[in-house]
Amino acid sequence: MAVRTFVPSEMSPREAYALLISCVAPRPIAWVSTCAPDGSTNLAPFSFFNAGGANPVSVVFSCTNFRDGRPKDTLRNVQATGEFVVNIAPYWLAEKMNQTSFEYEYGISEFEQVGLTRAPSLYVKPPRVAESPIAMECKLFQVVSHGTGPVAANYVIGEVLCFHIAETLLKPEGIVDNLVADYIGRMGESWYVRATPEAMFRMERPTGK
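All values derive from a computational prediction rather than experimental measurement. (Residues numbered from 1 in each chain as written. Predicted model: local features only at pLDDT ≥ 70, side-chain atom pairs only at ≥ 80, totals over all residues. Heavy atoms only, no water.)

(A) Inspection of the pairing of strand β4 (residues 57-62) at higher detail. Two elements, strand β3 (residues 49-54) and β4, share five bridges in a ladder whose sense is antiparallel. Bridge assignment links Asn50 to a residue of β4, and that residue is Val60. (Pairing = 2+ DSSP bridges. Helix = DSSP H or I, 4+ residues; strand = E, 2+ residues; numbered from the N terminus.)

Given below as structure tokens:
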């Protein structure tokens, strides 16, 4: 097959970003709630997100800088308090999740702006999204910055202190039933994907030749 080669160092950050997110897809979305030192709350989605490890249980998301190079509110809050909650937005919360990506002024809470309910956490100060069926309370392990300026990466690594999961999603063995979770994922441009049972397929891990 014919291919074209793209060299990120020869592209603008915005062009490189657009190419990257169109290649690495679909991506799960971390809907991260945090608190500022004064107690005000923030809620924002991040699609550079994944599980990290299981001993201890960890997650990681990248909070890239704004396009003018400023750190985002989520990063400021996590660095100041060392705590956050990763909420998961299913398909029916997609619109509200997307609304929280708007760049409100620091200190303005997205919970009020988009009509979401705060639920108290057990181990950290940031609230959970009450409407979200899955939430993970996290304490900060480390922030690893890579690059400077517009859309530079800040990898936020958190240790999961506890999970909150709606009973309607749980299988008898205590894991989430992926066939009913109704997950969404981020694609390139303004595209998303919905993990419906019809779109999913199963493959068991190989056991050898």
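Still to come is the rest of the account.
(B) Highlighting the packing of aromatic side chains. Here the structure, examined in full by the defined rule, presents four aromatic pairs. Residues Phe61 and Phe84 carry aromatic rings whose centres are separated by 5.5 Å and whose planes lie at 75° to one another, so their mutual orientation is edge-to-face. Of the two residues, Phe61 sits in strand β4 while Phe84 sits in strand β5 (residues 83-88), which places them 23 residues apart along the sequence. The class of Phe61 is buried, set by a relative accessible area of 1%. Seen from their ring centres, Phe102 and Tyr104 are 4.8 Å apart, and the 65° between their planes marks the pair as edge-to-face. Given the relative accessible area of 54%, Phe102 is considered exposed. (Phe/Tyr/Trp six-rings, centres within 6.5 Å; stacked < 30°, edge-to-face > 60°. Buried < 20%, exposed > 50% of the residue type's maximum accessible area, 1.4 Å probe, protein only.)

(C) Geometry of the environment of Leu170. Looking at the element boundaries, Leu170 is found in the loop between β9 (153-165) and β10 (184-186). In this structure the C-alpha to C-alpha distance between Leu170 and Ala135, which are 35 residues apart in sequence, comes to 13 Å. For Leu170, the residues in contact, after removing those within four places along its chain, are Ile165, Ile175 and Val176. (Contact = heavy atoms within 4.5 Å.)

(D) Spotlight on a nonpolar patch on the surface. Residues Leu122, Tyr123 and Leu161 make up a contiguous nonpolar surface patch of about 340 Å² in total accessible area. Along the chain, the position of Leu161 falls in strand β9. (Patch = residues over 30% accessible without salt bridge, like charges linked within 9 Å, V, L, I, M, F, W, Y side chains within 5 Å. Areas by Shrake-Rupley, 256 points an atom, 1.4 Å probe, with all protein chains shown as cover. Salt bridge = Lys/Arg side-chain N within 4 Å of Asp/Glu carboxyl O.)

(E) View of the sheet that holds strand β8 (residues 134-146). Ordered by their spatial adjacency, seven strands build an open sheet running β2-β1-β5-β8-β9-β4-β3, and the pairing between neighbours is antiparallel. The sheet is open, and its two borders are formed by β2 (41-46) and β3, each paired with just one other strand. Adjacent strand axes in the sheet meet at a mean angle of 35°, parallel and antiparallel pairs treated alike. In this structure, strand β1 (residues 30-35) lies alongside β5, joined through three bridges in antiparallel fashion. (Axes fitted to C-alpha atoms, helices over the stretch in contact; angles between N-to-C directions.)

(F) Main features of the layout of surface pockets. The space that makes up the largest pocket amounts to roughly 880 Å³. Listing elements by their share of the lining of the largest pocket, those giving two or more residues are α1 (13-23), β2, α2 (73-81) and α3 (94-99). For the lining of the largest pocket, the class distribution of residues is 14 nonpolar, 10 polar and nine charged. Its volume calculated, the second largest pocket comes out at about 580 Å³. Counting only elements with at least two residues in the lining of the second largest pocket, the list comes to β3, β4, β8, β9, β10 and β11 (192-194). Residues of the lining of the second largest pocket, tallied by class, amount to 19 nonpolar, five polar and two charged. (1 Å grid on protein atoms, 1.4 Å probe; cavity = no way out; pocket = protein on both sides within 12 Å on 5 of 7 lines; lining within 4 Å. Points joined across faces, edges and corners; volume = space filled by probe spheres on them. Nonpolar A, V, L, I, M, F, W, Y, C, P; charged D, E, K, R; others polar.)

(G) Expanded view of the pattern of salt bridges. Under the definition given, this model contains five salt bridges. For Arg70, the salt bridge identified is with Asp68, shortest N-O distance 2.7 Å. Accessibility expressed as a relative area gives 42% for Arg70, which makes it partly exposed.

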